[in-house]
Amino acid sequence: MITSELLDETVNLLSKLIQNRCVNPPGTELVNIKTIGEYLSTKGVEYQIFESAPNRGNLWAKLSGTSDAPSMMFGPSHVDVVPIAKPKAWTVDPFAGEIKDGFVWGRGAMDMLFIVATQTVAFAQLHQEKFQPKGDLILFIVADEEAGGTFGVNWMLEHHPDLLKVDFCVSEMGGAALDEGKVVFMLGEKGGAWKKITFTGTPGHGSMPYASDNAAVKAAKAILRIRKYGDSQIPLTTEYLTYLADGLGMGKLQKFMITTPLLLPMTLKLLNKKDPNTAKIVHSLSRMTMSPNMVSGGVKANVIPAETSIVVDIRTLPGQDDVYVMKHLQKALGDLALKARIEAISEEDGGIASSGNASVPQSNFVSAMQEAVNQEIPGSTLVPFLMPGVTDMRYFRDRGAQCYGFSLLDPKTSTKDMAGLPHGVDERIRIRTVELTLKVYYNLAQIFLK
Ligand SMILES: [Zn+2]
């Protein structure tokens, strides 16, 4: 049972994890990993810590199943956090882990230390209650998610793959109510394929530009073409919008408007007037997006540039591979494609190069998640959603596990809070959210592994 003492322990653990300031880079996550280990020790839970680099590490623990029934993992859940961009904008010390006004405040509170804390405490509580799962229950807490996973998930999969064979995973984050009683869970995520496109020209004097071969002008044309192609010509798919429409219980007309590819451009225009945030979400769920976000080139104001580059943030839907990306990028560029050098920006170079991936929207496991939520908020429905961002769960989906972003936020949390707070200023989490999420993880294990 989840008592109020247990909630206090969870809140205190979360506060401590924030105070340990595992900002990545450099990460130094071992301090958070040890904090979790110490908590587990007080509950008599055995665990292993794997150091992947100096001051960096990962934690693994298991409640062994009584049979070879499907196994489940709390995690992979990461203890690193992103840096503070504007420290002066914060109204609290981002690393004090303050508990006030019904919130726990600080960097990482939402992304994703509250899940780390709730999974740890739920796991320890199940152990204390001598819960005997029919399949294995694994707790897996990692370093280095915010910088691609080299010292976290990737390191563990390379060095200890045998510990990580699992059928189902739950991690960040989901849990927000899109509408009253309509709670999202993340069934997958979009992929990323950042590309650098470079145009060359013939340098000359800027005072006599007539008929010059100017790389910046080519880049400018390319940018306009990419924008136009991405908005109006790229193929549309409404699979993820259909899940959303069904989950939300949309009316027939509304569903028709949003799930009919031919109508979608008009729907987006109308939606953009009423609710621009939702329009952005609907747009991103319906296609591969391409956003030309960086331009660089030229050496001096009076020199016609020999080279200009643009960086395009491309986000793919599950199933859209690099062949698909290049095909459409080249189509967008038209004749300019022949004049361009197109390079991928790898994760080592700070880019994103991952495939979109998704698990099934309905299964016994999803029903168990639904029941876990209903035990706390009766009558609510889970709505499958595709995350626009990239998480560590992609590595487990690649290995055939069904993975879901799963938590339960206080229904008072607004979608505006959700968009602004992770990685943002005054990141914080409601204590009621900590309580609900602690309970749904505890419930889920009891329901699915009983
Ligand atoms: Zn995260």
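Residues numbered from 1 in each chain as written. Predicted model: local features only at pLDDT ≥ 70, side-chain atom pairs only at ≥ 80, totals over all residues. Heavy atoms only, no water.

### Brief notes about the side chain of Thr-120
Here is the rule: Labels follow the DSSP assignment, with helices taken as runs of H or I lasting at least four residues and strands as runs of E lasting at least two, numbered in each case from the N terminus. Contacts are residue-level and defined by heavy atoms, with any inter-residue pair within 4.5 Å sufficient.
Note that Thr-120 resides in helix H3 (residues 109–128). Those residues in contact with Thr-120, other than ones at most four positions away along the chain, are Leu-13, Ile-36, Tyr-39, Leu-40, Leu-139 and Ile-141.

### Structural notes on the domain arrangement of the protein chain
Applicable threshold: Where a domain begins and ends is set by an automatic assignment or by a domain database. Summed over both partners, the accessible surface that disappears when two parts come together, traced with a 1.4 Å probe, is what is meant by buried area.
Annotation of the protein chain at the domain level lists domain 1 (4–187 + 357–448) and domain 2 (191–353). The gap between the C-alpha centroids of domain 1 and domain 2 is 33 Å. Contact residues are listed per partner, giving 17 residues for domain 1 and twelve residues for domain 2. When domain 1 packs against domain 2, the two sides together hide about 1,200 Å² of surface, and 71% of this comes from carbon and sulfur.

### Side note on the nonpolar core
How we decide: Only buried residues count toward a nonpolar core, which is a set of Ala, Val, Leu, Ile, Met, Phe, Trp, Tyr and Cys residues joined through side-chain atoms within 4.5 Å. Buried, partly exposed and exposed residues are distinguished by accessible area as a fraction of the type maximum, computed with a 1.4 Å probe on protein chains only: under 20%, between the cut-offs, and over 50%, respectively.
In this structure, Phe-74, Met-369 and Leu-444 are the most contacted members of the largest nonpolar core, which totals 96 residues. For this core, the leading source of residues is H3, giving 13 residues. Excluding residues within four positions of it along the chain, Met-369 makes contact with Val-170, Phe-185, Leu-382, Tyr-404, Phe-406 and Leu-444. Residues Ala-222, Ile-226, Ile-234 and Ala-337 belong to the second largest nonpolar core, which totals 21 residues.

### Regarding the pattern of salt bridges
Side chains that differ in charge, positive against negative, can pair when their charged atoms come close. Just so we agree on the cut-off: Just to be clear on terms, a salt bridge is a Lys or Arg side-chain nitrogen sitting within 4 Å of an Asp or Glu carboxyl oxygen.
On inspection of all chains with the given rule, the structure shows 15 salt bridges. Linking Glu-29 and Arg-56 is a salt bridge whose minimum nitrogen-to-oxygen distance equals 2.9 Å. With Glu-29 in the loop between helix H1 (4–19) and helix H2 (30–42) and Arg-56 in strand E2 (residues 56–63), this pair connects stretches of sequence that are 27 residues apart. Across this residue pair, the class does not change: Glu-29 and Arg-56 are buried. One salt bridge in this structure joins Asp-246 and Lys-255, with 2.9 Å as the shortest N-O distance. Look at Asp-246 and you get partly exposed, because its relative accessible area is 46%.

### Section: the pairing of strand E6 (residues 137–142)
Stated precisely, the cut-off is as follows: The criterion for strand pairing is that DSSP finds at least two bridges linking the strands in question.
Among the six residues of E6, six are classified as buried, and the element is accordingly described as predominantly covered. Of the two faces of E6, the one carrying Leu-137, Leu-139 and Ile-141 and the one carrying Ile-138, Phe-140 and Val-142 are both buried. Sheet topology note: the E2/E6 ladder contains five bridges and is antiparallel. Its bridge partner lying in E6, Ala-61 is registered against Leu-139. In this structure, strand E3 (residues 72–78) lies alongside E6, joined through five bridges in parallel fashion. Residue pairing for E6: Ser-77 is matched across the bridge by Ile-141.

### Digging into the packing of aromatic side chains
Rule in force here: Pairing of aromatic side chains here covers Phe, Tyr and the six-membered ring of Trp, requires ring centres within 6.5 Å, and sorts the geometry by plane angle: under 30 degrees stacked, over 60 edge-to-face, intermediate tilted.
This model, assessed by the stated rule, comprises ten aromatic pairs. Here the aromatic rings of Phe-168 and Phe-365 are separated by 4.4 Å at their centres, their planes lie at 10°, and the arrangement is stacked. Pair noted here: Phe-168 is in strand E7 (residues 168–171) and Phe-365 is in helix H11 (residues 364–374), with a separation of 197 residues, a long-range link. With 5.9 Å between their ring centres and 75° between their planes, Phe-406 and Tyr-441 make a pair best called edge-to-face. Here Tyr-441 lies in helix H14 (residues 431–448) and Phe-406 lies in the loop between strand E20 (402–405) and helix H13 (415–420), a separation of 35 residues in the sequence.

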